[in-house]
Amino acid sequence: MLVDTHCHLVDEYVNPDDVPGIISRARDAGVGCMILPCADPADPPKVLELCDKYDNLFCTVGIHPQFAGAAIPNYEQYLSHPRVIGIGEIGLDYYYNKETKTVQIELFRAQLDIAAKNKLPVAIHSRDAEEDTAEILKEYCKNPGQRDIPGVMHCYTGSWEMAKKMLDLGFYFSTTGIITFKNADAVRDVFKRIPIGRILTETDSPFCTPVPYRGKPCEPFMVTEVASMLAAIHNVSLSELENILLENTKRLYPKINMLSF
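Everything numeric here is computed off the predicted structure, so don't read it as measured data.

Caption draft 1: Representation of the overall build of the chain. Per the secondary structure count, the chain includes ten helices and eight strands. Overall size of the chain, expressed as C-alpha extent along the three principal axes, is 40 × 40 × 35 Å. Here the analysis covers contacts within the chain between residues at least 6 apart in sequence; of these, 71% occur between residues at least 24 apart. Accessible area of the chain: about 11500 Å², with a carbon and sulfur share of 50%. On the chain, the mean spot of the 26 positive side-chain charges and the mean spot of the 35 negative ones are 5 Å from each other.

Laid out in C-alpha cells, this is it:
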C-alpha cells in the first residue's frame with residue numbers, strides 16, 4: 001500500500017465535484033492512505049468534512065506562510081479529532097514573500113508552540129529560507145534523541161547541507177513528482193543520500209505533477225511514479241519500498257497507528 005502524505009483536496013484549483021473520482025482513482029492505484037494538509041485559515045472544517053466521509057483520509061491543521069498576518073484559528077477544537085494527526089503545512093517562504101519575513105516567523109513560532117504543547121508532529125514548508133528554518137526548528141528540538149517535535153520537510157528540494165541539519169534533529173523528508181523531472185538531478189542526489197528510513201512520498205497535488213503526466217493536474221494516484229523513482233534510486237523493489245514508506249509514515253504520525261484504514 002502506498003501513502004500520499006501531502007495532497008491538497010481542498011484548494012481553489014480543485015473542483016469539489018472531482019474529489020470522489022480523485023479518491024477512487026487513488027484507491028485503484030494502490031494508494032491506501034492520504035494525508036490532507038491545511039494551508040488557508042478557512043481550510044480545517046472543509047478538510048475534516050472530507051476526512052469524516054472517507055476512512056482512509058487524515059489531515060494536519062496549520063497555516064501556510066503565505067497567509068502570515070492572519071489570525072490563527074482555535075486549534076483546540078480540532079486537535080482531539082482522531083483524523084487530525086499533526087500540525088501543517090507551516091513554515092517559511094521567502095521566494096515570493098520576503099517582505100513578510102517578520103510576521104512569517106511569528107506565525108511559524110506560534111504554530112510550533114501549539115505542536116509542542118500538544119506533542120504533535122509538524123509538516124514544514126521551507127522555500128528560500130533554509131537558515132531561518134533550521135535555526136528556529138533547532139530551538140524546538142533541544143533533545144533530538146527524544147524528538148521533542150518530530151516532523152517532515154515537505155516537498156523537499158533543498159540542499160544536502162540543510163538535510164544533514166534536519167536529519168540530526170530527527171526529521172523526515174518527503175518528495176513529490178519533482179524527483180521525476182529531467183532537470184532534477186540535484187534532488188535525486190539528495191534523496192539517494194538520505195537514509196531510506198527517513199523518506200516519505202507525497203504528490204502535493206494539484207501541484208508538482210510527475211512524469212509522465214506533465215501538463216495535467218496532479219492527483220494522489222500519481223504518487224506511484226514518485227515511489228517508483230525512489231525505489232530505483234535506492235535499488236530496492238517497489239513492494240519493499242511500500243512497506244518501508246508505510247512504517248516511516250506511522251512512526252512520524254503515531255495517531256495513524258490507532259486507526260485502521
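Caption draft 2: Examining helix 10 (residues 238-252) more closely. End to end, helix 10 covers 21 Å across 15 residues, agreeing with the expected 21 Å (1.5 Å per residue, within 8%). Residues Leu 241, Glu 242, Leu 245, Leu 246, Asn 248, Thr 249 and Leu 252 constitute the buried set of helix 10. Angularly, the buried residues of helix 10 cover 160° about the axis, an arc narrow enough to put them on a single face. Those residues of helix 10 that are buried lie in contact with strand 1 (2-4), strand 2 (31-37), strand 6 (151-153), strand 7 (172-175), strand 8 (199-201) and helix 9 (223-234).

Caption draft 3: Just the pattern of salt bridges, in detail. Under the definition given, this model contains eight salt bridges. Where Arg 25 meets Glu 219, a salt bridge forms, and the shortest distance between an N and an O atom there is 2.9 Å. Taken together, the residues span a long stretch of sequence, with Arg 25 in helix 1 (residues 19-28) and Glu 219 in the loop between strand 8 and helix 9 at a distance of 194 residues. Accessibility expressed as a relative area gives 38% for Arg 25, which makes it partly exposed.

Caption draft 4: Here's a closer look at the side chain of Glu 202. When you line up the elements, Glu 202 lands in the loop between strand 8 and helix 9. Of the side chains bearing the opposite charge, Arg 127 lies closest to the buried Glu 202, which forms no salt bridge; the N-O distance is 13 Å. Of the polar contacts made by the side chain of Glu 202, one reaches the side chain of His 154; its length is 3.0 Å. Within polar-contact distance, the side chain of Glu 202 engages the side chain of Ser 174 at 2.9 Å. With near-sequence residues (within four places) excluded, Glu 202 lies in contact with Asp 4, Thr 5, His 6, His 154, Cys 155, Ser 174, Thr 175, Thr 176, Gly 177, Val 223 and Val 226.

Caption draft 5: Main features of the layout of surface pockets. Estimates place the volume of the largest pocket at around 960 Å³. Together, 33 residues line the largest pocket, and His 64, Gln 66, Glu 89, His 125 and Asp 204 are the ones closest to its centre. Among the secondary structure elements, those contributing two or more residues to the lining of the largest pocket are helix 2 (43-53), strand 4 (84-93), helix 4 (94-97) and strand 5 (122-127). The element contributing the most residues to the lining of the largest pocket is strand 5, with four residues. When its residues are assigned to classes, the lining of the largest pocket shows 13 nonpolar, nine polar and eleven charged. Taken as a whole, the second largest pocket encloses approximately 220 Å³ of empty space. Counting residues per element, the ones that place at least two in the lining of the second largest pocket are helix 1 and helix 2. Ranked by the residues each element gives to the lining of the second largest pocket, the list is headed by helix 2, at four residues. Within the lining of the second largest pocket, the residues separate by chemical class into eight nonpolar, no polar and four charged.

Caption draft 6: The pairing of strand 4, seen in detail. Burial analysis of strand 4 places ten of its ten residues in the buried class, the great majority of the element. Judged from the three bridges that link them, strand 3 (residues 57-61) and strand 4 form a sheet pairing that is parallel. Across the sheet, the residue bridging to Cys 59 is Val 84, located in strand 4.

Caption draft 7: Local environment of the sheet that holds strand 5. Spatially, the eight strands line up as an open sheet ordered 1-2-3-4-5-6-7-8, and their pairing is parallel. At either margin of the open sheet sits one strand with a lone partner, and together these are strand 1 and strand 8. The average undirected angle you get between the axes of adjacent strands in this sheet is 30°. Alignment of strand 2 against strand 3, held across four bridges, turns out to be parallel. For Pro 37, the partnering residue across the bridge sits in strand 3 and is Thr 60.

Criteria and cut-off values
- Residues numbered from 1 in each chain as written.
- Predicted model: local features only at pLDDT ≥ 70, side-chain atom pairs only at ≥ 80, totals over all residues.
- Heavy atoms only, no water.
- Helix = DSSP H or I, 4+ residues; strand = E, 2+ residues; numbered from the N terminus.
- Contact = heavy atoms within 4.5 Å.
- Areas by Shrake-Rupley, 256 points an atom, 1.4 Å probe, with all protein chains shown as cover.
- Lys, Arg positive; Asp, Glu negative; His and termini not counted.
- Charge placed at Lys NZ, Arg CZ, Asp CG, Glu CD.
- Expected span 1.5 Å × (residues − 1).
- Buried < 20%, exposed > 50% of the residue type's maximum accessible area, 1.4 Å probe, protein only.
- Arc of directions from axis to C-beta.
- Salt bridge = Lys/Arg side-chain N within 4 Å of Asp/Glu carboxyl O.
- Polar contact = N/O pair within 3.5 Å; in protein donor to acceptor, adjacent residues only side chain to side chain.
- 1 Å grid on protein atoms, 1.4 Å probe; cavity = no way out; pocket = protein on both sides within 12 Å on 5 of 7 lines; lining within 4 Å.
- Points joined across faces, edges and corners; volume = space filled by probe spheres on them.
- Nonpolar A, V, L, I, M, F, W, Y, C, P; charged D, E, K, R; others polar.
- Pairing = 2+ DSSP bridges.
- Axes fitted to C-alpha atoms, helices over the stretch in contact; angles between N-to-C directions.

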